[in-house]
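# Structural overview
Chain residues, written in single-letter form:
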Number of protein chains: 2
Amino acid sequence: MKKYNFSAGPSILPRVTMEKTAEAIMDFNGIGLSIMEISHRSKDFQVVIDEAVALFKELLDIPEGYSILFLGGGASLQFCMVPYNLLEKKAAYLNTGTWANKALKEAKLFGEAVEVASSKEANYSYIPKDYVVPADADYFHITTNNTIFGTELHTDIDSPVPLVADMSSDIFSRPLDVSKYALIYGGAQKNLAPAGVTFVIVKEDVLGKVSRPIPSMLDYRIHIKNGSMFNTPPVVPIFAALQTLRWLKELGGVKAIEKINIDKAARLYDEIDRNRLFKGPAAEEDRSFMNVCFVMEDEYKELEPEFLDFAVKRGMSGIKGHRSVGGFRASIYNAMPVEGVQALIDCMQDFEKQK
Amino acid sequence: MKKYNFSAGPSILPRVTMEKTAEAIMDFNGIGLSIMEISHRSKDFQVVIDEAVALFKELLDIPEGYSILFLGGGASLQFCMVPYNLLEKKAAYLNTGTWANKALKEAKLFGEAVEVASSKEANYSYIPKDYVVPADADYFHITTNNTIFGTELHTDIDSPVPLVADMSSDIFSRPLDVSKYALIYGGAQKNLAPAGVTFVIVKEDVLGKVSRPIPSMLDYRIHIKNGSMFNTPPVVPIFAALQTLRWLKELGGVKAIEKINIDKAARLYDEIDRNRLFKGPAAEEDRSFMNVCFVMEDEYKELEPEFLDFAVKRGMSGIKGHRSVGGFRASIYNAMPVEGVQALIDCMQDFEKQK
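Residues numbered from 1 in each chain as written. Chains lettered and ligands numbered in written order. Predicted model: local features only at pLDDT ≥ 70, side-chain atom pairs only at ≥ 80, totals over all residues. Heavy atoms only, no water.

### Things to note about the overall build of chain A
Along the backbone of chain A there are nine helices and 14 strands. Taking 2.2 N^0.38 as the reference for a compact globule, 355 residues should give roughly 20 Å; the C-alpha atoms of chain A span a radius of gyration of 21 Å, in line with that estimate. Expressed along its principal axes, the backbone C-alpha trace of chain A runs to roughly 60 × 55 × 30 Å. The 355 residues of chain A split such that 62% are buried. Across chain A, every contact between residues at least 6 apart in sequence was considered, and the portion connecting residues at least 24 apart equals 66%. With the model as given, the accessible surface of chain A reaches about 13000 Å², and the carbon-plus-sulfur share is 50%. Of the charged side chains in chain A, 40 are positive and 47 negative; the average position of the first set lies 3 Å away from that of the second. (Helix = DSSP H or I, 4+ residues; strand = E, 2+ residues; numbered from the N terminus. Rg over C-alpha atoms; globule rule 2.2 N^0.38 Å. Buried < 20%, exposed > 50% of the residue type's maximum accessible area, 1.4 Å probe, protein only. Contact = heavy atoms within 4.5 Å. Areas by Shrake-Rupley, 256 points an atom, 1.4 Å probe, with all protein chains shown as cover. Lys, Arg positive; Asp, Glu negative; His and termini not counted. Charge placed at Lys NZ, Arg CZ, Asp CG, Glu CD.)

Following this line, the structure appears as structure tokens:
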């Protein structure tokens, strides 16, 4: 039976990423050593990280003046690194879900952190649109895709102050206007690589403006100066990220993948809307193209465990919804083929027929 | 030609660690999914991290009251996490090399950090023995093995205040009396796993005594409470670490590997002392069993590039010394077989015969 991995993260990666990484673990570049054991300062690895940086720039059309970093620690470490480096007096946060809320919480340790709007009262089922960002904020922080609640900001918004975005779960899913952002970060374990590497795209001229001392490992300027090699970077996850970036370029880049992502999401949401058993809790205009949340209609609620079992038996892996939303969540990141989405739709339709 | 990897880190790992990791990247546990794409919250991965923790406890004979963490960010992040969590007023540091010095530098951001002794004036060629640790220090920080300078503290010292040790490059190389330490940490990329995971062994009752607020990701208590899963841990490096721990147990544990390590180091140092071309810069009693530094005798100094070339052509990889010491450095971590050490000795002898 073909298995489809709908996990929210770590999550499905292109087959070629796995194959090339497994290959390089046994013998990297034919040098007779493993990618796990080579020095990060070797020429062979420098080529890997340089190409990964170059593909970030090319695929996301990143303008001059930005640096790309590959760090350890996860996006959660960025929740404190961002205020450490950028918050002098006040920061503004848009509270669109669990992760946005966690980011906001960390910022409060460093200064005033204003929640400009929140959809918490509606279990984060939509992205607030009416809010004012204080003009004197040092930055405005958003979470572009809310993995748990299945909502997504589909455009690059305008911000009166430097814009910081957690794009852990939708980076590389669509073209971006990077010039609108001061800093973009994310854990790599959705659209890029196995867990263990975090990317940061940072506009250099927003740094160096806070008065507090910053520990070296938390200081973006130190990582920029050292080309992500102030300490030993996560070599294998970076190698894997490079394979995914090459795969994405081969496929036609972010414009091509956006088309595929829109098509996959449309198919699945159409089925959720059509199928009398299911409904989607997220506001229609904010529906995520990456994490499709759905629950059973109230009158069929008790069928949820049965459908989960039915779907798992047909090879749908990782579709149990997060406990905050319940029901189901199908994460259909870049690497999920349309066949996987179709297999899930078939499940939903076959289950409906039985009821 | 058989290649031997003498790199200081990332460095040689047991062959089985590479094989099992490559295998699990293609299919983990026969579940039809890759270790790169499974959820860290899946039962399959919980088993991995639980066994890794259990093997830490078993192999190092860790007493009750200690927690074992697997974190991201590298040992360099611990340089600031240690003072963040433990330094209220004053900390004491033993300056035995580049990394010890970096750790000390970070501590200074958090309070008074006293250098109790330093061998910097002798290019860190020995480990200071005569020093007094202030009785009112919150902790005393040591670096047990100095990768760059090839010195090592071969015993578990007594400290009048909680003892904190960076054991990045000699963990699991010998039995430890963990009860003498409040906290032991290290990057995994020497004796354990590929770069990207950091281990922390921490005595729980030393935590919670500082008054400053600690960002969640830098707070050991939060990681303990969440079993290293406050955020997504580096899944693949942790899986690889488990394979190395199993290999070590199979081999007879730290007592068995210590015997092998002493034998390997003795052979190489004996050759350095015997061979008229070479000498070792580290003080004899402090010679590292992990990183064997050697240079050419002054009258043969100009032969260094020639020997490097000679050795590389015979499959000795990564033996160029760090620029701070020059000459050569053979890192002979746990996974380096005695055959590798012998091959290097043969190189040194054959080169000597030519001169």
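### What about the side chain of A:T96?
Residue and element names in this part refer to chain A. Relative to the helices and strands, T96 is located in the loop between β3 (90-95) and α4 (98-107). Only 2.8 Å separates the side chain of T96 from the side chain of N146, close enough to count as a polar contact. Setting aside chain neighbours within four positions, we find T96 in contact with S119, Y124, I127, P128, T143, N146 and T151. (Polar contact = N/O pair within 3.5 Å; in protein donor to acceptor, adjacent residues only side chain to side chain.)

### Describing the packing of aromatic side chains
What the rule picks out here adds up to 33 aromatic pairs over all chains. When the ring of A:F79 is compared with that of A:Y185, the centres are 6.3 Å apart and the planes differ by 70 degrees; the resulting orientation is edge-to-face. Within this pair, whereas A:F79 is found in helix α3 (residues 75-86), its partner A:Y185 is found in strand β9 (residues 183-187), the two being separated by 106 residues in sequence. Given a relative accessible area of 0%, A:Y185 falls into the buried group. Cation over ring: A:K102 sits above B:F230, and NZ or CZ is 4.9 Å from the ring centre. (Phe/Tyr/Trp six-rings, centres within 6.5 Å; stacked < 30°, edge-to-face > 60°. Lys NZ or Arg CZ within 6 Å of the ring centre and 35° of its normal.)

### Here we look at helix α1 (residues 15-26) of chain B
Spanning 12 residues, α1(B) covers 17 Å between terminal C-alpha atoms, matching the ideal 16 Å at 1.5 Å per step. Every buried residue belonging to α1(B) is among B:T17, B:M18, B:T21, B:A22, B:A24 and B:I25, and all of these are buried. What you see down the axis of α1(B) is that its buried residues fit within an arc of 165 degrees, all on one side. Along its buried surface, α1(B) packs onto α1 (15-26) of chain A together with α6 (235-251) of chain B. (Expected span 1.5 Å × (residues − 1). Arc of directions from axis to C-beta.)

### Details of the environment of A:E304
All names here are of chain A. Considering the arrangement of structural elements, one finds E304 in helix α8 (residues 304-313). Under the relative-accessibility criterion, E304 is labelled buried at 13%. Those residues within four positions of E304 in sequence are excluded, and the remaining contacts are V295, M296, G327 and F328.

### Examining the packing of α8(A) against helix α9 (residues 338-354) of chain A
Residues and elements named next belong to chain A. Interaxial distance between α8 and α9 falls to 10 Å at its minimum, and their mutual angle equals 130 degrees. Comparing the axis directions of α8 and α9 gives the class oblique. In this structure, α8 meets α9 at a crossing whose hand is right-handed. Facing E306, F307, F310 and A311 of α8, the residues of α9 in contact are C347, M348, D350, F351 and Q354. Residues that form the contact of α8 with α9 fall into these classes: six nonpolar, one polar and two charged. (Axes fitted to C-alpha atoms, helices over the stretch in contact; angles between N-to-C directions. Parallel < 35°, antiparallel > 145°, perpendicular 65-115°, else oblique. Left-handed = near helix turned anticlockwise from the far one by under 90°. Nonpolar A, V, L, I, M, F, W, Y, C, P; charged D, E, K, R; others polar.)

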